[in-house]
Amino acid sequence: MELEMNKKNKGKHRKLPTISGFLSFLVALIALAGVNIALLMDFDDFPQMVLINLPVVGLVLGLLGLITSKRSRLYAAWGIGISLFILLFTFLMIGLSWVGINPKP
């Protein structure tokens, strides 16, 4: 008994990534690199563009990339994930440490 291979769809239907999804991924990577540079350089004031503006732009572009039909949504999902990680990291690191640490005991 042999298995028949279906070769008629092989190579014809390549799913291309969406432009907005790919831009979301690139913006999220740039924001993540900016957060890492800010942490390594030990800046006292984190730049607002890296922590808030770029992840929000990446999140919006990723959501636009998820709406498209018959396109690969991989980059859009990664862009949304990295952007949400940066926003969650910002809230947990800066927000909770500001509330939880008492500088004047």
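Residues numbered from 1 in each chain as written. Predicted model: local features only at pLDDT ≥ 70, side-chain atom pairs only at ≥ 80, totals over all residues. Heavy atoms only, no water.

Draft legend 1. How the structure looks around helix α2 (residues 48-67). Compared with the 28 Å implied by 1.5 Å per residue over 20 residues, the 28 Å span of α2 between its first and last C-alpha is a close match. Its maximal kink placed at L54, α2 deviates by approximately 25°, while the proline P55 follows within four residues. If you follow the buried residues of α2, they end up packed against α1 (19-40) and α3 (74-100). (Helix = DSSP H or I, 4+ residues; strand = E, 2+ residues; numbered from the N terminus. Expected span 1.5 Å × (residues − 1). Bend = angle between axes of the 7 residues up to and from the residue. Contact = heavy atoms within 4.5 Å.)

Draft legend 2. A look at the packing of aromatic side chains. Applying the stated rule across the entire model yields three aromatic pairs. Connected via pairs of aromatic rings, a cluster forms that spans F22, F25 and Y75. (Phe/Tyr/Trp six-rings, centres within 6.5 Å; stacked < 30°, edge-to-face > 60°.)

Draft legend 3. Summary view of the nonpolar core. Grouped together as the largest cluster of nonpolar side chains are ten residues: F25, V27, A28, A31, V35, V50, L51, L54, I82 and I86. Broken down by secondary-structure element, the contributors of at least two residues to this core are α1, α2 and α3. No other element matches α1, which puts five residues into this core. Once you skip the residues sitting within four places of it in the chain, V27 turns out to touch L54, V57, G58 and L61. (Core = buried A, V, L, I, M, F, W, Y, C linked by side-chain atoms within 4.5 Å. Buried < 20%, exposed > 50% of the residue type's maximum accessible area, 1.4 Å probe, protein only.)

Draft legend 4. Representation of the side chain of S83 in the model. Position of S83 relative to the elements: it lies in helix α3. Side-chain polar atoms of S83 contact the backbone oxygen of P55, separated by 3.4 Å. The residues touching S83, leaving out its near neighbours within four places in the chain, are A28, P55, G58 and L59. (Polar contact = N/O pair within 3.5 Å; in protein donor to acceptor, adjacent residues only side chain to side chain.)

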